[in-house]
Amino acid sequence: MSEVNDREYLKDKKRIVIKIGSSSLVHHKTGSLNLVKIEKLVRLITNMSNEGRDVVLVSSGAIAVGVKALGLDSRPNDKAKEQACAAVGQARLMMVYQKLFSEYLKTTAQVLMTKNTMIDMTSRHNARNTFEELLKMHVVPVVNENDTVATDEIEFGDNDTLSAIVAALVGADLLILLSDIDGLYTDDPRTSENAEFISTVEMIDEKILSMGKGAGSRVGKGGMYTKISAARIATDSGADMVIANAADLSVLEDIIEGKEVGTLFKAHKNIDFHLIDYIAENKSIN
């Protein structure tokens, strides 16, 4: 871990994957889409693209949008009903993204993936080629897990993991995880007065991993453990990763301007990195 603020090099990042969680896309009281926030996200991404950067957006929210559209009180526990919500919600969510991106003269594309996409060599090769062609044409791919058809055996389980795998697949040099937390702490700041914020992580060791499993941390979907696991994939593949709070999406501009916001996990390219090994190793995260 380092306390030195030296993030000027982030200004030079050319291929960026941005992940945003469901809680950052909806109004908490109603569960409806926060269109003002999504519009700002779209505008910032479009501006990054206009600067000459390749940008991929990994967006959660399909099931949450489907739950609202179908008039349900909460996310169903039944798998078939949950997947029905995903089918309805993904279409609505993508329609909103396409409309807002088009208002800024930017074309977008939907890419839905399951773990099988990555495990199968032909599918993985085709997925990489598709991303490359879309980015060459200055299209913004909007990625989500294909919840409608995913089973426990073939799902990534969380979009933190998915975004890191996408970053490795497309050769991104920066992954940004936007969530409802400021970054990594030594302990849960909600319950511990002694929790200290960690600005920079040089290397993910056992001490860092233990922070993801600390009191108050969720080891399931979207918890700090999955974010640290995502950081292992991203940094070993050669990408820096930043965890930042999505409360104010201007944080995206701050990150690529080299300001010290969120927690930076520094890349350390691993010459023995093989994406398929990480997918197999992390199968228990689902």
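Quick caveat: nothing in here was measured; it's all calculated off a predicted structure.

Draft legend 1. Spotlight on the environment of N144. Position of N144 relative to the elements: it lies in strand β4 (residues 140–145). For the pair N144 and S163, spaced 19 residues apart in sequence, the C-alpha separation works out to 8.8 Å. When neighbours within four sequence positions are excluded, N144 is seen to be in contact with S59, S60, A62, Q90, V111, L112, M113, N159 and L162. Separated by 3.1 Å, the side chains of N144 and N159 make a polar contact.

Draft legend 2. Fine view of the sheet that holds strand β3 (residues 108–113). One open sheet accounts for 8 strands, arranged β3-β4-β2-β1-β5-β9-β10-β8; its pairing is mixed. In this open sheet, the two strands that pair with only one neighbour each are β3 and β8 (200–201). Pairing geometry for strand β5 (residues 174–179) and strand β9 (residues 240–245), over 6 bridges, is parallel. Bridging across to β9, S179 finds its partner in N245. Docked against the sheet, helix α1 (residues 35–50) engages β1 (15–20), β2 (54–59) and β4, running at close to 155° with respect to β2.

Draft legend 3. Quick look at helix α6 (residues 159–170). For α6, built from 12 residues, the straight-helix expectation of 16 Å at 1.5 Å per residue is met to within 8% by its first-to-last C-alpha distance of 16 Å. Of all 12 residues in α6, 12 are buried, a share of seventy percent or more. Listing the buried residues of α6 in full gives N159, D160, T161, L162, S163, A164, I165, V166, A167, A168, L169 and V170. One side-chain oxygen of the residue at the start of α6 lies 3.1 Å from the amide nitrogen of D160, identifying that residue as D158. Two residues or fewer after α6 comes G171, characterised by a positive phi angle close to 70°.

Parameters and conventions
- Residues numbered from 1 in each chain as written.
- Predicted model: local features only at pLDDT ≥ 70, side-chain atom pairs only at ≥ 80, totals over all residues.
- Heavy atoms only, no water.
- Helix = DSSP H or I, 4+ residues; strand = E, 2+ residues; numbered from the N terminus.
- Contact = heavy atoms within 4.5 Å.
- Polar contact = N/O pair within 3.5 Å; in protein donor to acceptor, adjacent residues only side chain to side chain.
- Pairing = 2+ DSSP bridges.
- Axes fitted to C-alpha atoms, helices over the stretch in contact; angles between N-to-C directions.
- Expected span 1.5 Å × (residues − 1).
- Buried < 20%, exposed > 50% of the residue type's maximum accessible area, 1.4 Å probe, protein only.

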